[in-house]
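Close look at the chain arrangement
Listed below, chain by chain, are the residues.
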Amino acid sequence: MLDTIKEKWPEILDFLKLEFDITDVSFKTWILPLKVESYENNVLTLIFPGETKNTGLNYIQKKYYHFIKIAIEENIDKEIDLVITLPNIEDVEESSTDLMEEHENITLENRIKESNLDKKYTFDSFVVGSNNDIAQVTSLAAAESPGEMYNPLFIYGGVGLGKTHLIQSIGNFVLANDPDAKVLYTTCENFTNEVIDLLGNKKNKTSQEDIIEFRQKYRNVDVLLIDDIQFISNKDRTQEEIFNIYNDLFMKHKQIVFTSDRKPKDMEGIEDRLINRFEQGLTVDIHNPDYETRMAILKKKAEFLGYTLDEAVLQFIANNFTANVRELEGSLTRVISFSKIKRTDITLDLAKDALNDLISPNHEEKITCENIIDMVADQYQISVSDICSTKKSKEFTIPRQICMYLCRVYTEDTLDQIALLLKKDNHATVSYGYNKIKKAMEKDPSLKNSIDILKKKISPN
Ligand code: ADP
Ligand code: MG
């Protein structure tokens, strides 16, 4: 039976997509990653891969479980018990997302404009990595079932990490999939200005109707998206308005999404009752993208601009612009325009030339143990905290020793400093790890190969 199900899996997927009218992006996020694992005593087990996808799994159970079960039963002509679960051993391979075919629809365009959205921000153009996967999955869930799953959804993270992109993707997704939905996006700054115009200035003779109209505008929506909410700090009237609008929408089960540069607890100058509201639903964060994600973003962006660039050029950019995505994109655009001006191909030398003044003189050579640990964690699909821990399983000890080896080769840090980072008691352990890997590489070509890949990432030249 297991073989039959595996054989029929493509048909089952087709059936599922068509019969239940699942959108491309939802299909790619929730359904395609599922793997047929086992069939015993009429129990079919499907695996939803990805170590950080617990939230995703809950969502699939709630929204797709019955659809999946029906699709399987219809195709194999038999009733089964279905279990969907997370894997024991992680296999975190993200399926790459293609650009969704977009029908240029005039009414949709208008609705996007009326909602204050920019149509370029979509889930399809958002690259998912370990730095943002929870934020992406929960945003998509909120977009698919506004007001039902996470309310409010509160996304926080540093500058240029994709918060505006995600919050706007929610709005664009809702508009594209529900012709009747009303969405409103605003920045906190814009909202504050409206409040000041209407209510702040006593001399200004704002009519009662204007105030009612303003409130109606925000209360009459299915999805309210407020970007950079940290700016309401110390603005009492704005806080009051947001509090009232929030309560009204929340009671009506309308979706509310906030972004901020910090988590609710760390926001200052904001009334407690509002902080409590922010924390009432789900709070998710976005971190700096790791090396793999930076590469994926660069590739996607280059592809979008119609370029296929050498791996070495992309690696150079990914290695030198690590802080945020905006910077990463800016560097790529700069390299491309440089090649247009100079009318030459995009080579590594050209990229170095173009970005020379953006890279601090010793930035290029500056390799830290933290970077190395990050890359090793990435390559072995384990977390940095597991590498820097006392955990003894092989899964962690070998990457940890590889870190010892590479930190010793590439940095000036002392063995004691490296030991401290990797949670080892003293330098002897680091020295032992270094020697062990050095010797093992001579005998084990696959280990050597994976260390060579890491060396290339650390120092692409
Ligand atoms: P924030 O609002 O957090 O400051 P933005 O959403 O404005 O950051 O992101 C900055 C730029 O980086 C935007 O052009 C955005 O499209 C892009 N960007 C950020 N994260 C991603 C991602 N994961 N995939 C693709 N593009 C991204
Ligand atoms: Mg922003």
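All of these numbers come straight from a predicted model, not from anything done at the bench. (Residues numbered from 1 in each chain as written. Chains lettered and ligands numbered in written order. Predicted model: local features only at pLDDT ≥ 70, side-chain atom pairs only at ≥ 80, totals over all residues. Heavy atoms only, no water.)

Around ligand 1, the surrounding shell holds 17 residues, and the nearest of these are Val 127, Gly 160, Lys 163, Thr 164 and His 165. Separating an oxygen atom of ligand 1 from a backbone N or O atom of Leu 161 is a distance of 3.2 Å. For ligand 1, an oxygen atom lies 2.8 Å from a polar atom in the side chain of Thr 164. With the chains in place, 90% of the 560 Å² that ligand 1 exposes on its own is no longer accessible. Elements that contribute at least two residues to the shell around ligand 1 include exactly helix 7 (163-177) and helix 14 (325-342). Residue classes in the shell around ligand 1 are distributed as seven nonpolar, seven polar and three charged. (Near = heavy atom within 4 Å. Polar contact = N/O pair within 3.5 Å; in protein donor to acceptor, adjacent residues only side chain to side chain. Areas by Shrake-Rupley, 256 points an atom, 1.4 Å probe, with all protein chains shown as cover. Helix = DSSP H or I, 4+ residues; strand = E, 2+ residues; numbered from the N terminus. Nonpolar A, V, L, I, M, F, W, Y, C, P; charged D, E, K, R; others polar.)

This next bit is on a positive patch on the surface. Positive charge collects at one region of the surface, where Arg 408, Lys 438, Lys 439 and Lys 443 lie side by side. By residue number, the principal contributor to the positive patch is helix 20 (residues 427-443), which donates three residues. In this structure, Lys 438 sits in helix 20. (Patch = residues over 30% accessible without salt bridge, like charges linked within 9 Å, V, L, I, M, F, W, Y side chains within 5 Å. Salt bridge = Lys/Arg side-chain N within 4 Å of Asp/Glu carboxyl O. Lys, Arg positive; Asp, Glu negative; His and termini not counted. Charge placed at Lys NZ, Arg CZ, Asp CG, Glu CD.)

Turning our attention to the packing of helix 1 (residues 2-19) against helix 4 (residues 65-76). Between two packed helices, the angle of one axis relative to the other and the distance separating the axes together describe the packing. The geometry of helix 1 relative to helix 4 is characterised by a closest axis approach of 9 Å and an angle of 125° between their N-to-C directions. On the basis of their axis angle, the class for helix 1 and helix 4 is oblique. Crossing of helix 1 over helix 4 shows right-handed handedness. Touching Ile 5, Lys 8, Trp 9, Glu 11, Ile 12, Phe 15 and Leu 16 of helix 1 are Phe 67, Ile 68, Ala 71, Ile 72, Glu 74, Asn 75 and Ile 76, all from helix 4. Its residues assigned to classes, the contact of helix 1 with helix 4 shows ten nonpolar, one polar and three charged. (Axes fitted to C-alpha atoms, helices over the stretch in contact; angles between N-to-C directions. Parallel < 35°, antiparallel > 145°, perpendicular 65-115°, else oblique. Left-handed = near helix turned anticlockwise from the far one by under 90°. Contact = heavy atoms within 4.5 Å.)

What follows covers the side chain of Asn 324. Mapping Asn 324 onto the fold places it in the loop between helix 13 (311-320) and helix 14. Taking the relative accessible area as the measure of exposure, Asn 324 reaches 14% and is therefore buried. A distance of 2.9 Å separates a polar side-chain atom of Asn 324 from the backbone nitrogen of Arg 326. (Buried < 20%, exposed > 50% of the residue type's maximum accessible area, 1.4 Å probe, protein only.)

This next bit is on unusual backbone geometry. With the exception of glycine, most residues fall at negative phi, and the peptide bonds are largely trans. The omega torsion across Asn 151 and Pro 152 is -5°, close enough to zero to call that bond cis. Mapped onto the elements, Pro 152 comes out in the loop between helix 6 (133-144) and strand 4 (153-157). At Arg 343, a position not held by glycine, the phi torsion is positive, near 50°. The phi dihedral of Gln 381 is positive, around 55°, even though this residue is not glycine. Position of Gln 381 among the secondary structure elements: in the loop between helix 16 (369-379) and helix 17 (384-387). With relative accessibility at 41%, the residue Gln 381 sits in the partly exposed group.

Right, let's get into the sheet that holds strand 4. Read across the sheet, five strands follow the order 5-6-7-4-8 without closing on themselves; strand pairing throughout is parallel. Among the strands making up the open sheet, the edge pair consists of strand 5 (183-187) and strand 8 (282-286). The average angle at which neighbouring strand axes cross in this sheet is 15°, direction not considered. The sheet contact formed by strand 4 and strand 7 (residues 255-260) spans four bridges and is parallel. Looking at the pairing, Leu 153 lines up with Val 257 of strand 7. (Pairing = 2+ DSSP bridges.)

What follows deals with helix 4. With twelve residues, helix 4 should cover 16 Å at 1.5 Å per step; its first-to-last C-alpha distance of 17 Å lies within 8% of that length. When helix 4 is considered as a whole, its buried residues turn out to be Tyr 65, Ile 68, Ala 71, Ile 72, Glu 73, Asn 75 and Ile 76. Asp 77 lies just past helix 4 and shows a positive phi near 60°. (Expected span 1.5 Å × (residues − 1).)

Another point: the packing of aromatic side chains. Counted by the stated rule, this structure contains 15 aromatic pairs. Ring plane angle 80° and centroid distance 6.3 Å describe the contact between Tyr 59 and Tyr 64, whose orientation is recorded as edge-to-face. Accessibility assignment for this pair places Tyr 59 and Tyr 64 in one class, buried. On the basis of an interplanar angle of 40° and a centroid distance of 5.5 Å, the ring pair of Phe 154 and Phe 278 is categorised as tilted. In this pair, Phe 154 is assigned in strand 4 and Phe 278 in helix 11 (residues 272-278), connecting sequence segments 124 residues apart. Here Phe 154 and Phe 278 have matching classes, each one buried. One aromatic cluster is present, formed by Phe 15, Phe 20, Trp 30, Tyr 59, Tyr 64 and Phe 67 through successive ring pairs. Taking NZ or CZ as reference, Lys 17 lies 5.7 Å from the ring centre of Phe 27, over its face. It is Arg 273 that lies over the ring of Phe 243; its NZ or CZ is 3.8 Å from the centre. (Phe/Tyr/Trp six-rings, centres within 6.5 Å; stacked < 30°, edge-to-face > 60°. Lys NZ or Arg CZ within 6 Å of the ring centre and 35° of its normal.)

Attention now goes to the nonpolar core. Ranked by internal contacts, the top residues of the largest apolar core, which has 57 residues, are Leu 46, Ile 68 and Ile 72. Apart from residues no more than four positions distant in its own chain, Leu 46 is found in contact with Trp 9, Leu 34, Lys 35, Val 36, Glu 37, Ile 68, Ile 72, Leu 82, Val 83, Ile 84 and Thr 85. (Core = buried A, V, L, I, M, F, W, Y, C linked by side-chain atoms within 4.5 Å.)

In this section: the pairing of strand 4. Of all the five residues making up strand 4, five are buried; the element is thus mostly covered by neighbouring parts of the structure. On strand 4, burial covers both faces: Leu 153, Ile 155 and Gly 157 on one face and Phe 154 and Tyr 156 on the other are all buried. Bridge count between strand 4 and strand 8: five bridges; the pairing is parallel. Bridge pairing in strand 8 places Gly 157 opposite Ile 286.

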